[in-house]
Amino acid sequence: MNNKLFNYKRIAEGYKTRPFLHKQVIEQLQRDMNLTHFQNGLDVGCGAGLSTKALKLICDKVTGTDISEEMVSVASEICSEQTFTFFVSKAEETPQPEQLYDIVTAAGVIQWVEIEAFLKNLSSLTNNEGIVLIYDFWISDKMKGVPEYTDWYQNKYLKRFPKPSRNEIIWTNEIVCPYGFEMQKQNTLQLEYTFNMEDFIKFMMIQSNVSAKIEGEGQNEEEIKTWFKNSLQYIFESQDRILLFDGYCWLMKRRFT
């Protein structure tokens, strides 16, 4: 899937109401990785600004960038305080700031970037003590107390909406060291979020699997919504459900040579 497909108003507006799991990730990283507070931070691939808001929890001043003009417009609305700055940029071409960044976050980004160009750019953006947090999370095939969901996810959802092609390489020191970084920690994540059926459908409608069908292939949005409603009735049964998210976080630091 071409990452330019994220530059649609429908998707950007939908990202406004995505679960704010980024906050849970940052809080877990504070516990697990002993993160301190930072002065100047960058959030690459900021989307609608939720990951930028999460970075602000541990950083005084935050800049968010995204390749999508629509995403940057929505992020600017959500994060309107003076301590936030947003602009449109490819992750691999983020311009060097007057003051190098103490911390850079990239949430749900690296599967869409050119790795070598991105790492080279990161090395020009971070100061000598800078760190980079790369993280992502995604819906799993598990819902608490609802085993039927696993069958729905594997045998209905993924067959109707296959995962688009993306780069899922796990970064190692062999990859990052030539660009001046050292991989310090690589943790897995498991997160929870409670949905009712209506909100779950809204969330699923902006998944890359579904966007590839709507924006990529021109399939009808309302027909897809109807498919979700009909196929999920027996899963939710007018109740809230707890969905499990899987994920990861990698912590990189600048190397001293």
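Since the structure is predicted, the reported quantities are computational estimates derived from the model, not experimental observations. Within each chain, residues carry numbers counting from 1 in the order of the written sequence. Per-residue local features of the predicted model are confined to residues with pLDDT of at least 70, and side-chain atom pairs are confined, for both listing and counting, to 80 or more; whole-chain, interface and lining totals are unaffected and use all residues. Processing note: side-chain calculations cover all non-hydrogen atoms of the structure and skip hydrogens and water entirely.

Points about the environment of Leu35
Helix numbers and strand numbers start at the N terminus; a helix is a DSSP run of H or I with at least 4 residues, a strand a run of E with at least 2. Among the structural elements, Leu35 can be located in the loop between α2 (21-33) and β1 (38-44). Sequence-wise, Leu35 and Ile131 are 96 residues apart; in three dimensions their C-alpha atoms are separated by 9.9 Å. Should any heavy atoms of two residues lie within 4.5 Å, those residues are considered in contact. Excluding residues within four positions of it along the chain, Leu35 makes contact with Leu29, Gln30, Ile58, Ile131 and Leu133.

What about helix α8 (residues 197-204)?
Buried means the residue's accessible area, taken with a 1.4 Å probe over protein chains only, is under 20% of the maximum for its type, while exposed means over 50%, and partly exposed covers the values in between. Those residues of α8 that fall on the buried side of the exposure criterion are Met197, Phe200, Ile201, Phe203 and Met204. Taken down its axis, α8 places every buried residue within 160° of arc, on the same side. Buried residues belonging to α8 abut β5 (126-143), α6 (147-160), β6 (181-195), α9 (208-214), α10 (221-236) and β7 (241-254). Under the rule applied, a polar contact is a pair of N or O atoms within 3.5 Å (in protein, one hydrogen donor and one hydrogen acceptor; residues adjacent in sequence only if both atoms are side-chain atoms). The N-cap of α8, judged by a side-chain oxygen 3.2 Å from the amide nitrogen of Glu198 a few residues on, is Asn196. The directions considered for the arc are those from the helix axis to the C-beta atoms.

Quick look at the packing of aromatic side chains
Centre-to-centre distance and the angle between the planes together describe a pair of aromatic rings. Between rings of Phe, Tyr and Trp, where Trp is taken as its six-membered ring, a pair exists when centres lie within 6.5 Å; planes separated by under 30 degrees are stacked, by over 60 edge-to-face, and by other angles tilted. Applying the stated criterion across every chain, the model contains 24 aromatic pairs. On the numbers, 5.5 Å between centres and 5° between planes, the contact of Phe161 with Phe228 is stacked. With Phe161 in the loop between α6 and α7 (173-176) and Phe228 in helix α10, this residue pair connects regions lying 67 residues apart in the sequence. Judged by relative accessible area, Phe228 falls into the buried class, the value being 0%. An angle of 65° between the planes, with centres 5.9 Å apart, marks the rings of Phe203 and Phe245 as edge-to-face. Pair noted here: Phe203 is in helix α8 and Phe245 is in strand β7, with a separation of 42 residues, a long-range link. Judged by relative accessible area, Phe245 falls into the buried class, the value being 1%.

With respect to the pairing of strand β4 (residues 101-107)
Burial within β4 is extensive, with 7 of its 7 residues counted as buried. Examined bridge by bridge, β1 and β4 share 4 bridges and lie parallel to one another. Of the residues in β4, the one forming a bridge with Leu42 is Val104. Being paired, for any two strands, means DSSP has found at least two bridges between them. Bridge analysis of β4 against β5 gives 6 bridges, and the strand direction is parallel. Bridge pairing links Ala107 to Tyr135 in β5. Read as a crossover between parallel neighbours, the route from β4 over helix α5 (residues 115-125) to β5 is right-handed. Orient the strands so they point away from the viewer; a crossover is then right-handed if the path from the first strand over the helix to the second runs clockwise.

Things to note about the side chain of Gln111
With respect to the secondary-structure elements, Gln111 resides in the loop between β4 and α5. Within the structure, Gln111 has its side chain in polar contact with the side chain of Asp136 (distance 3.2 Å).

Regarding the packing of α8 against α10
In contact at an axis separation of 11 Å, α8 and α10 are set at 135° when each is read in the N-to-C sense. On the basis of their axis angle, the class for α8 and α10 is oblique. You can see that α8 and α10 cross each other, and the crossing is right-handed. Residues Met197, Phe200, Ile201 and Met204 of α8 touch α10, and the partners they reach there are Phe228, Lys229, Leu232, Gln233 and Phe236. When residue character is reported, Ala, Val, Leu, Ile, Met, Phe, Trp, Tyr, Cys and Pro are called nonpolar, Asp, Glu, Lys and Arg charged, and the others, Gly included, polar. Residue classes in the contact of α8 with α10 are distributed as 7 nonpolar, 1 polar and 1 charged. Whenever a helix is involved, its axis is fitted only over the stretch in contact; in every case the axis is a line through C-alpha atoms, and angles between N-to-C directions fall within 0 to 180 degrees. Reported orientations rely on four angle classes, namely roughly parallel under 35 degrees, roughly antiparallel over 145, roughly perpendicular from 65 to 115, and oblique for the rest. A clockwise turn of the near helix away from the far one marks a right-handed crossing, whereas an anticlockwise turn of less than a right angle marks a left-handed crossing.

Some points on the packing of α6 against α10
The N-to-C vectors of α6 and α10 enclose an angle of 160°; their axes lie 10 Å apart at closest approach. Taken together, the axis directions place α6 and α10 in an arrangement best described as roughly antiparallel. Where α6 crosses over α10, the handedness of that crossing is right-handed. Note on element contacts: α10 touches α6 through Ile224, Trp227, Phe228, Ser231, Leu232, Tyr234 and Ile235, opposite Glu148, Tyr149, Asp151, Trp152, Lys156, Tyr157 and Arg160.

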